[in-house]
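Chain residues, written in single-letter form:
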Amino acid sequence: MTAQLSFLDQVNRSFDRAAALAGYDPHLMNQIKECNSVYRLTFPLKRDDGSMEVIEAWRAEHSHHKLPTKGGIRYSLMASEDEVMALAALMTFKCAIVEVPFGGAKGGIRIDRRSYSRGELERITRRYTFELVKKLFIGPGVDVPAPDYGTGPTEMAWIVDTFKSLSGGELNAEACVTGKPIAQGGIRGRLEATGRGVYYGVREACGVEEDMKALGLSTGIEGKRVVLQGLGNVGYNAARFLANDGALLVGLAEYEGAIADPDGLDLEAVIEHRRETGSILGFPGATDLPSSAEALEMDCDILVPAALENQITEENAGRIQARMIAEAANGPTTAAADEILLEKGVTILPDLFLNAGGVTVSYFEWLKNLSHVRFGRMEKRFDETAQRQLLSAVEQATGQTFSDRDVSHFASGADEEDLVNSGLEETMVNAFHQVREVQKNHGSDVDLRTAAFINAIDKIVVCYEELGIFP
Ligand code: NAD
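Note that the structure is predicted; figures quoted are calculated from it, not measured.

1. Observations regarding the nonpolar core
Here's step 1: Counting residues in hydrophobic clusters, the biggest one holds 97 residues, and the most contacted among them are I32, F93, V202 and L349.
Here's step 2: Split by domain, this core shows at least three residues from each of two domains, domain 1 (35-184) and domain 2 (193-354).
Here's step 3: Core analysis: the second largest hydrophobic core is formed by 25 residues, Y39, I73, I109 and L121 among them.

2. Observations concerning helix α6 (residues 193-206)
Here's step 1: Here α6 spans 20 Å end to end across 14 residues, near enough to the 20 Å set by a 1.5 Å rise per residue.
Here's step 2: Of all the 14 residues making up α6, 13 are buried; the element is thus mostly covered by neighbouring parts of the structure.

3. Re the site of the ligand
Here's step 1: Near the ligand you find 23 residues, and of these R74, D148, T194, E254 and S292 are the closest.
Here's step 2: In this structure, an oxygen atom belonging to the ligand sits 2.8 Å away from a side-chain N or O atom of R74.
Here's step 3: In this structure, S292 approaches the ligand through a side-chain N or O atom, which is 2.7 Å from a nitrogen atom.
Here's step 4: For the ligand, whose free accessible area comes to 830 Å², the fraction covered by protein is 87%.
Here's step 5: Elements supplying a minimum of two residues to the shell around the ligand: α8 (233-244) and β7 (248-254).

4. A short note on the packing of aromatic side chains
Here's step 1: The final tally for this structure, using the stated rule, is 10 aromatic pairs.
Here's step 2: The interplanar angle of 35 degrees and the centroid separation of 5.3 Å between the aromatic rings of Y39 and F137 together place this pair among those described as tilted. Of the two residues, Y39 sits in strand β1 (residues 37-46) while F137 sits in the loop between α4 (118-134) and β5 (143-147), which places them 98 residues apart along the sequence.
Here's step 3: Judged by relative accessible area, Y39 falls into the buried class, the value being 12%.
Here's step 4: Cluster of aromatic residues (ring-pair linked, three or more members): F102, Y363, F364 and W366.

5. Some remarks on the environment of N355
Here's step 1: The residue N355 is located in the loop between α12 (351-354) and α13 (357-371) in this model.
Here's step 2: A residue is classified by how much of its surface remains accessible, and N355, at 6% relative accessible area, is buried.
Here's step 3: Between the C-alpha atom of N355 and that of L248, which follows or precedes it by 107 residues, the distance is 21 Å.
Here's step 4: Among residues more than four places away in sequence, those in contact with N355 are K94, T194, V198, E327, A328, A329 and N330.

6. Focus: the pattern of salt bridges
Here's step 1: Inspection of the entire model under this criterion finds 39 salt bridges.
Here's step 2: Between R74 and E309 there is a salt bridge, with its nearest N and O atoms 3.0 Å apart. A residue pair is termed long-range when its members are at least 10 positions apart, and R74 in strand β3 (residues 69-75) and E309 in the loop between β10 (302-305) and β11 (324-326) qualify at 235 residues.
Here's step 3: Taking relative accessible area as the criterion, E309 reaches 3% and is therefore assigned buried.
Here's step 4: Note that K380 is salt-bridged to E384, the shortest N-O span being 3.0 Å. With K380 and E384 both in helix α14 (residues 380-398), this residue pair falls four residues apart, about one helical turn.
Here's step 5: Residue K380 is classed as partly exposed on the basis of its relative accessible area, which comes to 28%.
Here's step 6: Each of R74, E83, K106, D148 and E309 takes part in a single network of salt bridges with overlapping partners.

7. Thoughts on the domain arrangement of the chain
Here's step 1: Assigned domains within the chain: domain 1 (35-184), domain 2 (193-354) and domain 3 (380-413).
Here's step 2: For domain 1 and domain 2, the distance between their C-alpha centres works out to 28 Å.
Here's step 3: Taken together, the contact pairs 12 residues of domain 1 with nine residues of domain 2.
Here's step 4: Around 960 Å² of area is buried between domain 1 and domain 2 when both sides are counted, 60% of it from carbon and sulfur atoms.

8. Focus on the packing of α6 against helix α16 (residues 416-441)
Here's step 1: One way to put it is that α6 packs onto α16 with a least axis distance of 9 Å and a crossing angle of 45 degrees. One element, α6, and the other, α16, form an angle in the oblique class. The hand of the α6/α16 crossing is right-handed. Across from A193, R196, G197, Y200, R203, E204 and A205 in α6, the residues of α16 making contact are N421, L424, E425, M428, V429, F432 and H433.
Here's step 2: Taken together, the residues that form the contact of α6 with α16 break down as seven nonpolar, three polar and four charged.

9. What to know about the sheet that holds β3
Here's step 1: The strand order β1-β2-β4-β3-β5 describes an open sheet built from five strands, whose pairing is mixed. What marks the edges here is a single partner per strand, and that holds for β1 and β5. On average, adjacent strands in this sheet sit at an angle of 20 degrees to one another, irrespective of strand direction.
Here's step 2: On the sheet, helix α3 (residues 81-97) packs against β1, β2 (52-61), β3 and β4 (103-109) and is oriented at approximately 150 degrees with respect to β4.

About the cut-offs
The numbering scheme is per chain: residues are counted from 1 as the chain's sequence reads. Residue-level local features of this predicted model are given only where pLDDT is at least 70; pairs of side-chain atoms are given and counted only at 80 or more, and the full residue set underlies all totals for whole chains, interfaces and linings. Where side-chain values are given, they derive from all heavy atoms of the structure, hydrogens and water being excluded. Note on terminology: a nonpolar core comprises buried Ala, Val, Leu, Ile, Met, Phe, Trp, Tyr and Cys residues joined through side-chain atoms within 4.5 Å. Think of it in three bands: with a 1.4 Å probe and only protein chains considered, a residue is buried below 20% of the maximum accessible area for its type, exposed above 50%, and partly exposed in between. An automatic or database domain assignment supplies the residue ranges for each domain. Here a helix means four or more residues in a row that DSSP labels H or I, a strand means two or more in a row labelled E, and each is numbered from the N terminus. Residue count minus one, scaled by 1.5 Å, sets the expected span of a helix. Consider each residue's heavy atoms; a residue with any of them within 4 Å of a molecule or strand counts as near. Under this definition, polar contacts are N or O atom pairs within 3.5 Å; protein pairs additionally need one hydrogen-donor-capable and one acceptor-capable atom, and for neighbouring residues in sequence, both atoms have to be side-chain atoms. Surface accessibility in these figures is a Shrake-Rupley result with a 1.4 Å probe; residues are shielded only by whichever protein chains are displayed. Stacked, tilted and edge-to-face are the three classes assigned to paired rings of Phe, Tyr and Trp, where Trp is represented by its six-membered ring and a pair needs centres within 6.5 Å; plane angles under 30 degrees give stacked, over 60 edge-to-face, the rest tilted. Note on definitions: a residue-residue contact is assigned when non-hydrogen atoms from the two residues lie within 4.5 Å. A pair is scored as a salt bridge if a Lys or Arg side-chain nitrogen falls within 4 Å of a carboxyl oxygen belonging to Asp or Glu. When two parts are put together, the accessible area they lose, computed with a 1.4 Å probe and summed over both, is reported as buried area. Here the axes come from fitting lines to C-alpha atoms, over the contacting stretch only for helices, and the angles between their N-to-C directions go from 0 to 180 degrees. We call two directions roughly parallel when the angle between them is under 35 degrees, roughly antiparallel when it is over 145, roughly perpendicular when it lies between 65 and 115, and oblique otherwise. Handedness of each helix crossing follows the sense of rotation of the near helix against the far helix: counterclockwise by less than a right angle gives left-handed, clockwise gives right-handed. Under the scheme applied here, ten amino acids are nonpolar (Ala, Val, Leu, Ile, Met, Phe, Trp, Tyr, Cys and Pro), four are charged (Asp, Glu, Lys and Arg), and all others, including Gly, are polar. Pairing between strands requires that DSSP locate at least two bridges from one strand to the other.

Given below as structure tokens:
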């Protein structure tokens, strides 16, 4: 029964389906599929009230075919060995799809962060980092964590600070983790990168007239009715970029429930309402739905699950009305649900492609840390001057004068954020069209998830071929 498959089994099942079509040596496929190392650890936490608690945590490094390995750390009560291994495997394939030179990894600490004070979270994060350092499970050339569910720039700042204090003056210490605050070696654009990448992926998919026609939808984002689950880092930013491009947010869900409005919800006003009242429920003019799960079944064009895995299952897949599912979260659709949805003709933009914007910009941050210089610092002014000279040459040649506004618009060198966003857009656009191409080449019964896995396998195989280990 597919419904009982663990998260890791589900990822492996998708891998196996793609591997069977990719046509490589089965032993090589096994090597690529298996998780290389898993570190399970426990450590004590002294709570603020003086009591003691044992904290359970993991770090999985799925593939060492490229180093360092890379993947987020999540704080969640659902964290488990199976979950980190599944997420680490997805990271390997994700990195291959967007061509960032990392193997996949993932970390998890089994806690509900809302139950701990800031000081307790800091002690947990620093102790976890200390344990990873001791076992060589973290380092700029070894394994580089990042934020994930329940973590953000503050936890990354504690990690880099702990690592620095233990690494004895290591010059590249800042590159031991990404998603850091800017002052700690972070990069502009990383915070919203995953959500922005989700937007680019959805925009590309909605831009293909042939595919949209097949779904009975118009081309483009404008006017698309979107339901989104999970208003955290990824969900909030994906919603923001989609809405800015004209999508209507007809449903928003958080763990306390969901709200709906067929005319579209004002995202910033909803966030403000939640800040004030502690809940999205009761938002003026919207209808309350008692559970987040109900929002998934709303009538809409695009459903964006952006919270956690296993949200769309065999149980509710038949009632999903969306024509497109944009997997902003990792593993939101179970294998059994996948089959039901594909049967219904729903297009699924798979997690291993769609939420790869985070690791793409993490790669840029890592490069920045290794080069010790901000992107754009050397050339921004030079480019601006060259463009101004060009504009003045055009003015002289044509007799036309550009306004100050035009000059500052046309003659502006790119800064770090411009370059990061442009590199991210280029990556997501290329990755979408590559995956779609693989899908086309394999015929109509190959879905985008299988195509994405095949694309990743093709790229990883190249790394093994030259070693001559496999025939
Ligand atoms: P986050 O902690 O910032 O946000 C998650 C949000 O989901 C929270 O607001 C939480 O309250 C909400 N939530 C939890 N359970 C819910 C439920 N049942 N219904 C509705 N909302 C619920 O986490 P995030 O970083 O945004 O990560 C979300 C997903 O995106 C995860 O699957 C993560 O692995 C994936 N992801 C994150 C990144 C990243 O850069 N942060 C990168 C790639 C993938």
